[in-house]
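For reference, the chains in residue letters:
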Amino acid sequence: MDYVMGVDAGSTYTKGVLMNEDREIVALDVTLTGANINNAAETIRRKLLEKSGIKETDVKLVVGTGYGRYIIRFGNIQVTEISCHARGAHYLFPNTRTVLDIGGQDMKVIKVNERGDVVDFVMNDKCAAGTGRFVETIIKSFGLNFKDANDLALKSRRGIALSSTCTVFAQTEAMEHLAIGDAIEDIMYGVFKSVITRAVGLITRVGLTPELTFTGGLSLNPIAVKILETMLKTKVNHSDMTMFAGAIGAALYGVEKLETEKYIG
């Protein structure tokens, strides 16, 4: 049995998936990217091999994607994260036709066909507003983590609207709301809603075709999903696997390349 490895080197987290030639996921893992992308990727490679018990020689191809895909020294080929998130979302939810990916540094909305191929996309990577980094920066200034902020936001009775699009100004605005006595749960709700509002704007630009699948780390936050479903008035696909969509897509491209090489050979 041959195997491929997909490594999604994101700005915040590096995700990895080990997949066999039958397109079955054998192992997956995630680690903080930190200052050294290649070290993070090496950590993922080691963890995947340890978890699966697979020999390194049985891994025939390593496909890199994401922000740091060209820095992964042991990567054989590189594929854009847009294509990988499209393919990965389609693998997890075969009826996917629209993908929303909110990463650490950008936000993407991708339209896909019945095979998971990219038909159209729109992307916001001009600044941190509307990204996972935007949320992380603000909640950390309150001494919270994502889970704490999510749990608080779920208790909100009236969300506080943040008008600032700049992360620094939004952070100051959030602190000012706390200083005048606004409830922290309402402020946290406002932080998540600020990002999702920008996402809905991108979705409107490219057009929403059901089913919609939400990928990236923010897809693990129930409050973000809830706000998205409420604003769009539609069900949103998400799971504990959707943050791995990019790595899954990369692995799928690797399997396809192996199949092509075997056919030609």
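### Considerations on the overall build of the protein
- When its secondary structure is counted, the protein shows 8 helices and 10 strands.
- Here the C-alpha radius of gyration of the protein, 19 Å, is about what a compact globule of 265 residues would show, namely 18 Å.
- Its C-alpha atoms give the protein principal-axis dimensions of roughly 70 × 35 × 30 Å.
- For the protein, the residues scored as buried account for 55% of the 265 residues in total.
- Entry remark: accessible area of the protein is about 11900 Å², with carbon and sulfur atoms responsible for 52%.
- Distance between charge centres in the protein, computed from 30 positive and 31 negative side chains, equals 2 Å.

### Topic: the sheet that holds strand β3 (residues 25-32)
- Sheet architecture is open: 5 strands sit in the order β3-β2-β1-β4-β5, paired in mixed fashion. Of all strands in the sheet, those bounded by a partner on one side alone are β3 and β5 (77-78).
- Taken strand by strand, helix α1 (residues 37-52) contacts β1 (3-9), β2 (13-20), β3 and β4 (59-65), and its axis lies near 145° from that of β3.

### As for the layout of surface pockets
- Within this model, the largest pocket holds a volume of roughly 660 Å³.
- In this structure, the largest pocket is lined by 33 residues; those nearest its centre are Tyr13, Ile102, Gly103, Gly104 and Gly217.
- Contributions of two or more residues to the lining of the largest pocket are made by β2, α2 (81-92), β6 (98-102), α3 (132-141) and α4 (146-153).
- Grouping the amino acids of the lining of the largest pocket by side-chain chemistry returns 9 nonpolar, 14 polar and 10 charged.

### Some points on the environment of Leu18
- As for its placement among the helices and strands, Leu18 is situated in strand β2.
- Relative accessible area serves as the criterion here: at 0%, Leu18 is assigned to the buried category.
- Put simply, Leu18 and Gly53 are 35 residues apart on the chain and 11 Å apart in space, counted from C-alpha to C-alpha.
- Ignoring sequence-local partners within four residues, the contact set of Leu18 consists of Tyr3, Val4, Met5, Glu24, Ile25, Val26, Ala27, Leu48, Ser52, Ile54 and Val59.

### Details of the environment of Gly216
- Take Gly216: it is sitting in the loop between β9 (212-215) and α7 (222-232).
- The class for Gly216 is buried, based on a relative accessible area of 6%.
- Among residues more than four places away in sequence, those in contact with Gly216 are Asp101, Ile102, Thr242 and Met243.

### Considering the nonpolar core
- In this structure, Leu100, Ile102, Met188, Phe192, Ile196, Phe214 and Leu228 are the most contacted members of the largest nonpolar core, which totals 39 residues.
- Going through the elements one at a time, β6, β7 (107-112), α3, α4, α5 (167-179), α6 (184-206), β9 and α7 are the ones with two or more residues in this core.
- When residues in this core are grouped by element, the largest group, 11 residues, is from α6.
- If we skip the residues at most four places from it in the chain, Phe192 touches Val135, Phe146, Ala149, Asn150, Ala153, Leu218, Asn221, Ile223, Ala224 and Ile227.
- Counting 17 residues, the second-largest nonpolar core is a separate cluster that includes Val17, Phe244, Ala247 and Leu258.

### Brief notes about the pattern of salt bridges
- For the structure on display, the rule yields 17 salt bridges.
- A salt bridge links Glu42 to Arg45; its shortest N-O distance comes to 2.8 Å. One end of the pair, Glu42, and the other, Arg45, are both in helix α1, 3 residues apart, so they sit about a helical turn from each other.
- Residues Lys108 and Asp101 are paired through a salt bridge, measuring 2.8 Å at the closest nitrogen-oxygen approach.
- Judged by its relative accessible area of 3%, Asp101 is buried.

### Let's talk about unusual backbone geometry
- That bond from Pro210 to Glu211 is cis: its omega, 5°, falls within 30 degrees of zero.
- Counting through the fold element by element, Glu211 comes out in the loop between α6 and β9.
- Despite not being glycine, Arg23 shows a phi value in the positive range, around 70°.
- Phi angles above zero are rare outside glycine, and Lys233 is one such case at about 55°.
- Structurally, the position occupied by Lys233 is in the loop between α7 and β10 (236-237).
- A relative accessible area of 73% means that Lys233 is categorised as exposed.

Reading the values: the criteria
Residues numbered from 1 in each chain as written. Predicted model: local features only at pLDDT ≥ 70, side-chain atom pairs only at ≥ 80, totals over all residues. Heavy atoms only, no water. Helix = DSSP H or I, 4+ residues; strand = E, 2+ residues; numbered from the N terminus. Rg over C-alpha atoms; globule rule 2.2 N^0.38 Å. Buried < 20%, exposed > 50% of the residue type's maximum accessible area, 1.4 Å probe, protein only. Areas by Shrake-Rupley, 256 points an atom, 1.4 Å probe, with all protein chains shown as cover. Lys, Arg positive; Asp, Glu negative; His and termini not counted. Charge placed at Lys NZ, Arg CZ, Asp CG, Glu CD. Pairing = 2+ DSSP bridges. Contact = heavy atoms within 4.5 Å. Axes fitted to C-alpha atoms, helices over the stretch in contact; angles between N-to-C directions. 1 Å grid on protein atoms, 1.4 Å probe; cavity = no way out; pocket = protein on both sides within 12 Å on 5 of 7 lines; lining within 4 Å. Points joined across faces, edges and corners; volume = space filled by probe spheres on them. Nonpolar A, V, L, I, M, F, W, Y, C, P; charged D, E, K, R; others polar. Core = buried A, V, L, I, M, F, W, Y, C linked by side-chain atoms within 4.5 Å. Salt bridge = Lys/Arg side-chain N within 4 Å of Asp/Glu carboxyl O.

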